[in-house]
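# Notes for the structure review
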Amino acid sequence: MGKDVIIACDFSEAKETFAFLDKFTDKKPFVKIGMELYYAEGPSIVRELKKRGHKIFLDLKLHDIPNTVKKAMRVLSRLDVDICNLHAGGTVAMMEAALEGLTRPDGSRPLLIAVTQLTSTDRETMERELLIEKPIDEVVMHYALNAKKAGLDGVVCSPLESEKVHKICGKNFLTVTPGIRFSGGDTGDQKRVTTPLTAKEFGSDYIVVGRPITAASDPVSAYNRCVEEFTK
Ligand code: C5P
């Protein structure tokens, strides 16, 4: 899979999701389904989007004991999505178990990527509440290396971290990056944002874009603008 734009379909129900995606008549965009939509609609939303020809990043961020994650991943592998994820904080053993569960009898499997440290957690909270004293940047890179050691395909990170992740984990280790805004656009609750073009320059492999596309007055042209900036 090459560089692509993934639309974060942060909708609360299937009807709204399909009404949004029906606007795209020429190309079936790669979509991200998160916890809200998946918990509301269950696996049927994945099957339906697959049937409609979309590639899917199922963003459920698993984190549990290795055996439980392995068994859950085995179930998810049957949904035939393109990318799944988990928390790197669940340990290398959990990530290895997840890969095992995700791998089908014929050896094929969806890509598996790790969330390193959520961007909603800042340094102060890490120190005070989680007793993690190292700088966030060091923690993120260490977790990325753990994911690589476990055999995962990449991480979710900021485009600002893509270059360093590639330097440490190799250029084939995928960086899937949210926090994208058009220049001059509304940043919403995202703090460290970059444009699709800057994400491309930093070497991101996939950008995840939500509101700049879903809340645009013309979502199709906003999507096309992202693709144009990021991939051309
Ligand atoms: O609307 P927006 O472009 O901010 O959406 C970004 C998407 O990426 C959301 O689904 C959000 O949950 C997700 N995400 C993020 N930052 C992370 C991890 C995931 O914004 N660190």
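Okay, so let's go over this structure. (Residues numbered from 1 in each chain as written. Predicted model: local features only at pLDDT ≥ 70, side-chain atom pairs only at ≥ 80, totals over all residues. Heavy atoms only, no water.)

The next subject is the packing of helix α7 (residues 136-149) against helix α8 (residues 159-169). Relative to each other, α7 and α8 sit at 45°, their axes nearing to 10 Å. Taken together, the axes of α7 and α8 lie oblique to each other. The element α7 and its partner α8 pack so that their crossing is right-handed. Residues D137, V140, M141, A144, L145 and K148 of α7 lie in contact with α8, whose contacting residues are E161, K164, V165, I168 and C169. Considering only residue class, the contact of α7 with α8 consists of seven nonpolar, no polar and four charged. (Axes fitted to C-alpha atoms, helices over the stretch in contact; angles between N-to-C directions. Helix = DSSP H or I, 4+ residues; strand = E, 2+ residues; numbered from the N terminus. Parallel < 35°, antiparallel > 145°, perpendicular 65-115°, else oblique. Left-handed = near helix turned anticlockwise from the far one by under 90°. Contact = heavy atoms within 4.5 Å. Nonpolar A, V, L, I, M, F, W, Y, C, P; charged D, E, K, R; others polar.)

Next up on the list: the site of the ligand. Taken together, A8, D10, K32, T119, P178, R181, Q190, V208, V209, G210, R211 and P212 form the complete shell of residues around the ligand. Between a nitrogen atom of the ligand and a side-chain N or O atom of T119, the distance comes to 3.0 Å. With respect to the ligand, the backbone of G210 contributes an N or O atom lying 2.8 Å from an oxygen atom. Within the complex, 82% of the 470 Å² of free accessible area of the ligand lies under protein. For the ligand, the cavity whose grid points lie within 2 Å of the majority of its atoms is the largest pocket. Breaking the shell around the ligand down by element, the ones donating at least two residues are β8 (206-209) and α10 (211-214). The class makeup of the residues in the shell around the ligand is five nonpolar, three polar and four charged. (Near = heavy atom within 4 Å. Polar contact = N/O pair within 3.5 Å; in protein donor to acceptor, adjacent residues only side chain to side chain. Areas by Shrake-Rupley, 256 points an atom, 1.4 Å probe, with all protein chains shown as cover. 1 Å grid on protein atoms, 1.4 Å probe; cavity = no way out; pocket = protein on both sides within 12 Å on 5 of 7 lines; lining within 4 Å. Sits in = over half its atoms within 2 Å of the grid points.)

Once that is clear, we can look at the sheet that holds strand β1 (residues 4-8). The strands that make up a sheet pair up through hydrogen bonds in the backbone, lying either parallel or antiparallel. Read around the closed barrel, eight strands run β1-β2-β3-β4-β5-β6-β7-β8, paired in parallel fashion. Looking at each pair of strands side by side, their axes are set apart by 25° on average, direction ignored. Where helix α11 (residues 219-231) meets the sheet, it contacts β1 and β8, and its direction lies at approximately 145° from that of β1. (Pairing = 2+ DSSP bridges.)

Turning next to the pairing of β1. β1 sits mainly inside the fold: five of its five residues count as buried. The alternating pattern of β1 places D4, I6 and A8 and V5 and I7 on opposite faces, both of which are buried. Two strands pair when backbone bridges link them, and β1 and β8 are joined in this way by four bridges, in the parallel orientation. Of the residues in β8, the one forming a bridge with I6 is V208. Two strands pair when backbone bridges link them, and β1 and strand β2 (residues 30-34) are joined in this way by three bridges, in the parallel orientation. By the bridge assignment, A8 is partnered in β2 with K32. For the crossover that starts at β1, traverses helix α1 (residues 14-21) and ends in the parallel β2, the hand is right-handed. (Buried < 20%, exposed > 50% of the residue type's maximum accessible area, 1.4 Å probe, protein only. Right-handed = clockwise from strand over helix to strand, strands pointing away.)

The end-to-end C-alpha separation of α7 is 20 Å, in line with the 20 Å expected for 14 residues at 1.5 Å each. For α7, the set of buried residues is V139, V140, M141, Y143, A144, N146 and A147. Tucked into the core, α7 has its buried residues touching α5 (92-102), β5 (111-115), α6 (123-128), β6 (154-156) and α8. Looking one or two places after α7, you find G151, whose phi comes out positive at around 95°. (Expected span 1.5 Å × (residues − 1).)

The next point concerns the pattern of salt bridges. Taken as a whole and judged by the stated rule, the model has 16 salt bridges. One salt bridge in this structure joins R123 and E127, with 3.2 Å as the shortest N-O distance. Taken together, the residues R123 and E127, both in helix α6 and four residues apart, mark about one turn of the helix. The shortest N-O distance in the salt bridge between K134 and E138 comes to 3.9 Å. (Salt bridge = Lys/Arg side-chain N within 4 Å of Asp/Glu carboxyl O.)

Its location among the elements puts G170 in the loop between α8 and β7 (174-177). What makes G170 partly exposed here is its relative accessible area of 25%. As for G170 and G210, which are separated by 40 residues in sequence, their C-alpha atoms are 28 Å apart.

Quick look at a negative patch on the surface now. On the surface, D10, E13, E16 and E36 cluster together into a negatively charged patch. Structurally, D10 is set in the loop between β1 and α1. (Patch = residues over 30% accessible without salt bridge, like charges linked within 9 Å, V, L, I, M, F, W, Y side chains within 5 Å. Lys, Arg positive; Asp, Glu negative; His and termini not counted. Charge placed at Lys NZ, Arg CZ, Asp CG, Glu CD.)

Take the layout of surface pockets next. The calculated volume of the largest pocket comes to roughly 1200 Å³. Contributing to the lining of the largest pocket are 42 residues, with L118, T119, S120, P178 and Q190 lying nearest its centre. Elements that contribute at least two residues to the lining of the largest pocket include exactly β2, α2 (35-41), β3 (56-62), α7, β8 and α10. Here the lining of the largest pocket is built from residues that sort into 18 nonpolar, 11 polar and 13 charged. There is about 170 Å³ of room inside the second largest pocket. Considered class by class, the residues forming the lining of the second largest pocket number three nonpolar, four polar and four charged. (Points joined across faces, edges and corners; volume = space filled by probe spheres on them.)

This is a description of form; function is not addressed.
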